Amino acid sequence: MSPHLKNFTQMSTYNIFNVVCLLVRTKQPSACYTLWEKAYLMFGLFLFTGSLWSQSGNGVLSSAVPKYPQDALAFQEAEPQQRYVEIELDFLSMGQIEDFLKLDLDYDHFHPSVGKNNLVLPASELKKLLNARVAYRILVDDVAAAISRRNVEYLAKNPILKSDRATSGFELGSMGGFYTYAEVLQQLDEMKTLYPNLITSRFSIGTSYEGRTIWAVKISDNPDSNESSTEAPVYFDALHHSREPASMATVINFMFHLLENYASDPRIGYIVNNREIFIVPVVNPDGYEYNRQTNPNGGGMWRKNRRINSGSSCIGVDLNRNYNTDWGGAGSSSNTCSDSYRGASVFSEPESKVIRDFTSSINAPIAYTTHTSGGYWLGPDFSNGQTEFAIHAELNNDCMYENEYIYGDAAILLGYASGTTQNWMYEALGTLS
Ligand SMILES: [Zn+2]
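Sequence positions are assigned chain by chain, starting from 1 and proceeding in written order. Given that the model is predicted, a residue must reach a pLDDT of at least 70 before its local features are reported, and side-chain atom pairs must reach 80 or more before they are shown or counted; all residues, however, enter totals for whole chains, interfaces and linings.

Topic: the overall build of the protein
Secondary structure elements are taken from DSSP: a helix is a run of H or I of four residues or more, a strand is a run of E of two residues or more, and numbering for both begins at the N terminus. Looking only at helices and strands, the protein features 15 helices and 10 strands. Here the protein, with 433 residues, has 47% of them falling under the buried criterion. Look at the contacts in the protein between residues 6 or more apart in sequence, and 76% of them connect residues 24 or more apart. Exposed residues have 12 or fewer other C-beta atoms within 10 Å of their own C-beta, buried residues have 20 or more, and partly exposed residues fall in between, where C-beta atoms are placed from the backbone. Here, residues touch in the contact sense if the C-beta positions derived from the backbone fall within 7 Å of one another.

Have a look at this one:
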């Protein structure tokens, strides 16, 4: 498998523990962060998720798939997914790159440079390259199949057993090692059973386009009490983009880490005692279930939700382009067939509305919305104040030295940040996200 595809699928998830550093610092600016943060760095989840794909061992896979009432939805007929390819492009000049960018191809996080470039995109986009007489070489002719093959080979070695970042509670799921939607719910229920005094039962914060429940939980001491007058809220979510399951896996492992070490690690005790930590592990259950139906062994490449777009045969809206901040700007598309289709209007989608309403209701000063495939730690534009930039900058220095992620203002790093959850939370709610 080519290095680029490996990286694309390797789920280089943003490091949630960095946020823990941030939580501690925000309330206790001088007392407790340096030592704690350094310690958390050693447990960085990015290493955990990386180790899922880079270590080897022996073991077996879990294959039990629990049944929930909502699973009935899963037995609807699933249309097969479009095929993605990985290609190699060779640019000889900046002029060639400029011509290439004008083709407006449908891809995610690609920053071409002079020389050889690898790119993952829908196979249907290749005709644009042919028409424009851009030479390319196909490296992987079916990305989903390649991921699935890799999953089978890799997971047979049970990497979890070799990872010192994995928690006791964390197990491999049945979908190429990742939990299905139903298995995520099973994990949440298991957490409540094992740690009833540290986590709430899962509660509904709304419903997806196809009618699945979007679940949240809260981790805190006295979880079933409202302690918002004395404990600052914190917000995490995952799986806006349904083809990024490591974002969810990272969040689940992080939750187990808090729960399992609460009693023994005073740093975690402090955090859980002094924060209300809200988590939404599956923002886009419809897209995620669709991937399970079409690619039960993992590798499903569906990114958007499953909205039926009126007047179009193409399905889905990119939820992370549907928020009301610079909606319609660069990096999003008005084409319903694009993976970055922004939707017919701001907050047109039930899922983005649910997250809007929930985050507005808890009004967390700190939030972390997780994605994969880029290897970035993205911040807002820091227009709300230099203090926030200073916090981010110091955290980046502290927390990124192990994984070498690129960090900073999302709009600068990616060249776009329109309609995203992160920027909306920062601008609308004042949440440092
Ligand atoms: Zn994403």
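Topic: the sheet that holds strand β1 (residues 84-91)
Read from one edge of the open sheet, three strands run β2-β1-β3, paired in antiparallel fashion. Among the strands making up the open sheet, the edge pair consists of β2 (115-122) and β3 (136-140). Strand-to-strand twist of the sheet, defined as the mean angle between neighbouring strand axes without regard to direction, takes the value 30°. Here the rule is simple: two strands pair whenever DSSP picks up at least two bridges between them. The sheet contact formed by β1 and β2 spans eight bridges and is antiparallel. Across the sheet, residue Asp 90 finds its bridge partner in β2, namely Lys 116. To get an axis, fit a line to the C-alpha atoms, keeping to the stretch in contact for a helix; angles then go from 0 to 180 degrees between the N-to-C directions. Relative to the sheet, helix α7 (residues 143-155) contacts β1, β2 and β3, its axis offset from that of β1 by approximately 110°.

Let's talk about the nonpolar core
One finds Ile 219, Met 248, Ile 252, Met 255, Leu 259 and Ile 279 to be the most contacted residues of the largest nonpolar core, which totals 62 residues. Here this core gets 10 residues from one element, more than from any other, and that element is helix α9 (residues 245-261). Put simply, a nonpolar core is buried Ala, Val, Leu, Ile, Met, Phe, Trp, Tyr and Cys residues tied into one set by C-beta atoms within 7 Å. Core analysis: the second largest hydrophobic core is formed by 14 residues, Ile 87, Ala 146, Ile 147 and Trp 302 among them.

Here we look at the sheet that holds strand β5 (residues 213-219)
What the five strands build is an open sheet, ordered β4-β5-β7-β6-β8; its pairing is mixed. Looking along the sheet, the strands with just one partner apiece sit at the ends: β4 (203-207) and β8 (366-369). Ignoring which end each strand starts from, the neighbouring axes of this sheet average 20° apart. Judged from the six bridges that link them, strand β6 (residues 232-237) and strand β7 (residues 275-280) form a sheet pairing that is parallel. Its bridge partner being in β7, Phe 236 is matched across the sheet by Ile 279. Together, β4, β5, β6, β7 and β8 form the strand contacts of helix α12 (residues 350-362), whose direction differs from that of β4 by roughly 135°.

With respect to α7
Compared with an ideal rise of 1.5 Å per residue, which puts 13 residues at 18 Å, α7 spans 18 Å between its outermost C-alpha atoms and is within 8% of the ideal. Val 143, Ala 144, Ala 146, Ile 147, Asn 151 and Leu 155 are the residues of α7 that are buried. Each buried residue of α7 lies within a common arc of 160° when the element is viewed along its axis, so the set occupies one face. One less than the residue count of a helix, multiplied by 1.5 Å, gives the span that helix is expected to have. Here, the arc refers to the directions that run from the helix axis to the C-beta atoms.

Digging into the environment of Met 301
Along the polypeptide, Met 301 turns up in the loop between α11 (285-294) and α12. Setting aside chain neighbours within four positions, we find Met 301 in contact with Gln 81, Tyr 84, Val 143, Ala 144 and Arg 243.

Concerning the pairing of β5
The element β5 is extensively covered by neighbouring structure, given that seven of its seven residues are classed as buried. Residues Thr 213, Trp 215, Val 217 and Ile 219 line one face of β5 and the alternating positions Ile 214, Ala 216 and Lys 218 line the opposite face, and both faces are buried. Here β4 pairs with β5 via four bridges, running antiparallel. Within the sheet, the bridge partner assigned to Thr 207 lies in β5 and is Thr 213. Linkage of β4 to β5, two consecutive antiparallel strands, is achieved through a turn of five residues, within which Gly 211 is found at a positive phi near 95°.

Looking at the packing of helix α8 (residues 181-194) against α9
Relative orientation of the contacting elements α8 and α9 amounts to 5°, with a least axis distance of 11 Å. When the axes of α8 and α9 are compared, the pair comes out roughly parallel. Contact residues: α8 offers Val 184, Gln 187 and Met 191, while α9 offers Met 248, Ile 252, Met 255 and Leu 259. For this classification, the nonpolar set comprises Ala, Val, Leu, Ile, Met, Phe, Trp, Tyr, Cys and Pro, the charged set comprises Asp, Glu, Lys and Arg, and every other residue, Gly included, is treated as polar. Looking at the contact of α8 with α9, its residues break down into six nonpolar, one polar and no charged. The scheme is simple: roughly parallel for angles under 35 degrees, roughly antiparallel for over 145, roughly perpendicular for 65 to 115, oblique for anything else.

Focus: α11
Among the 10 residues in α11, eight count as buried, and that is most of the element. Of the residues making up α11, those classed as buried are Pro 285, Asp 286, Gly 287, Tyr 288, Glu 289, Tyr 290, Asn 291 and Arg 292. Residues of α11 that are buried sit in contact with α8 and β5.

Focus: the environment of Asp 326
For Asp 326, the location among the structural elements is in the loop between α11 and α12. Note on Asp 326: 19 C-beta atoms within 10 Å, which makes it partly exposed. Separated by 93 residues in the primary sequence, Asp 326 and Gly 419 have C-alpha atoms spaced 5.7 Å apart.

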